[in-house]
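Here is what each chain is made of, one letter per residue.
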Amino acid sequence: MKPYTLILSLLPVVAGIFTASASATLEVDVSPQKYAARPGEVFPVDYVVSWEGALDAYTVMPPTLPVLDWGAATVLEIRAHSRGDRHETRLTVGYSAETAGTYTAPALTIRVLEWDADAASHAALVEDAASMPAKVVEAASVTVVFRDPRFVVWAALVLVALAVAGAFGWAALRKRRRTVSEEAGQSPVEKAQALLHEARRHRLDADYYAFYRALCSAVACIETDAPDSRAALLDKLKRAADDAGYRGVRPSDDALEGDFKDVERIIAQEIQRASKET
């Protein structure tokens, strides 16, 4: 097929002629239509030549496609559109590569014919397009990305993992803030009572180290009239915590119950003392 015959066949499809006043400024925008494609697929890029003015001044010719050492380029579609005095020709070029990677599609040279307003028939002059007055617009280079399908899968898995971790982290942060807020409004006795309940839960779970740590924290909240007795009890509970946590000692039920009762008693004494003062 002769070059001029190809051009003639394109004219009805693309509405053939895009025009503006002879002084109108031609603009060209480059817009990739994908973030990434797979090797062997087409990465489409839109090149839009536009202007404002009359309807019979310009014809946008098919672009001169580059020869690529990393792949191939082909014209996928040419479309024409007008809205009021605004006209555009959209040239869609598809790039392809067989190997994954990030490549640069070089700048495209697009030739725009300037028609004589007195011409009786544009189609009749297309055969002489090479000799017609023309403007040349340069479309900017564009980055095209081809990714291995396995990369996409791994990227999706990483995003899911990050989203799940973020959700759990946010939930833990909210719980921690709520706990801190609740503790900030508690009196020392109320904190000690809460720790005593926590120790009971740890005992039921057979977590004896956590049981004794909770009892230690509960005693630390209490200021008694017998500091020596409080210090002795705290020292005893810390030794029991170390035995359970670092030496693997399983305390007897009598020891667990007795230590729990000792802490419960010191908290009750503090409640009575505080009630007398008020």
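Before going into details, it helps to say that this report is about the structure given with it. (Residues numbered from 1 in each chain as written. Predicted model: local features only at pLDDT ≥ 70, side-chain atom pairs only at ≥ 80, totals over all residues. Heavy atoms only, no water.)

## Regarding the sheet that holds strand β7 (residues 108-114)
Move 1: Taken together, the three strands give an open sheet; going across it, the order is β3-β7-β8, and neighbouring strands pair in antiparallel fashion. Looking along the sheet, the strands with just one partner apiece sit at the ends: β3 (58-60) and β8 (134-139). When strand polarity is set aside, the average angle formed by the axes of neighbouring strands in this sheet is 25°.
Move 2: Sheet analysis places β7 next to β8, joined by six bridges and oriented antiparallel. Paired with Ile-110 across the bridge in β8 is Val-137. (Pairing = 2+ DSSP bridges. Helix = DSSP H or I, 4+ residues; strand = E, 2+ residues; numbered from the N terminus. Axes fitted to C-alpha atoms, helices over the stretch in contact; angles between N-to-C directions.)

## A few points about the packing of helix α4 (residues 188-204) against helix α5 (residues 208-220)
Move 1: Two elements in contact, α4 and α5, have axes whose closest approach is 8 Å; the angle formed by their N-to-C orientations is 170°. The orientation of α4 with respect to α5, classified from their angle, is roughly antiparallel. Side by side, α4 and α5 meet where Ala-192, Leu-195, Leu-196, Glu-198, Ala-199, His-202 and Arg-203 of the first sit next to Tyr-208, Ala-210, Phe-211, Ala-214, Leu-215, Ser-217 and Ala-218 of the second.
Move 2: Broken down by class, the residue content of the contact of α4 with α5 amounts to 10 nonpolar, two polar and two charged. (Parallel < 35°, antiparallel > 145°, perpendicular 65-115°, else oblique. Contact = heavy atoms within 4.5 Å. Nonpolar A, V, L, I, M, F, W, Y, C, P; charged D, E, K, R; others polar.)

## A short note on the sheet that holds strand β4 (residues 72-83)
Move 1: Here we have four strands laid out as an open sheet, ordered β1-β2-β5-β4, and antiparallel in their pairing. Here the strands that pair on one side only, and so sit at the sheet edges, are β1 (27-32) and β4. The mean inter-strand angle of the sheet, taken between neighbouring strand axes irrespective of direction, is 20°.
Move 2: Pairing analysis gives six bridges linking β1 to strand β2 (residues 42-52), with the strands arranged antiparallel. By the bridge assignment, Val-30 is partnered in β2 with Tyr-47.

## Some remarks on the pairing of β2
Move 1: Counting buried residues along β2, nine of its 11 residues qualify, which places the element largely inside the surrounding structure.
Move 2: By the bridge criterion, 11 bridges tie β2 to strand β5 (residues 86-96) in an arrangement that is antiparallel. Residue pairing across strands places Pro-44 opposite Gly-94, the latter belonging to β5. (Buried < 20%, exposed > 50% of the residue type's maximum accessible area, 1.4 Å probe, protein only.)

## Digging into the nonpolar core
Move 1: Formed by 28 residues in total, the largest nonpolar core has its most connected members in Tyr-47, Val-49, Trp-70, Tyr-95, Ile-110, Val-144 and Phe-146.
Move 2: Elements with a minimum of two residues in this core: β2, β3, β4, β5, β6 (101-105), β7, β8 and β9 (142-146).
Move 3: The next biggest cluster of nonpolar side chains, apart from the first, holds 25 residues, and it includes Leu-196, Ala-199, Ala-214 and Phe-260. (Core = buried A, V, L, I, M, F, W, Y, C linked by side-chain atoms within 4.5 Å.)

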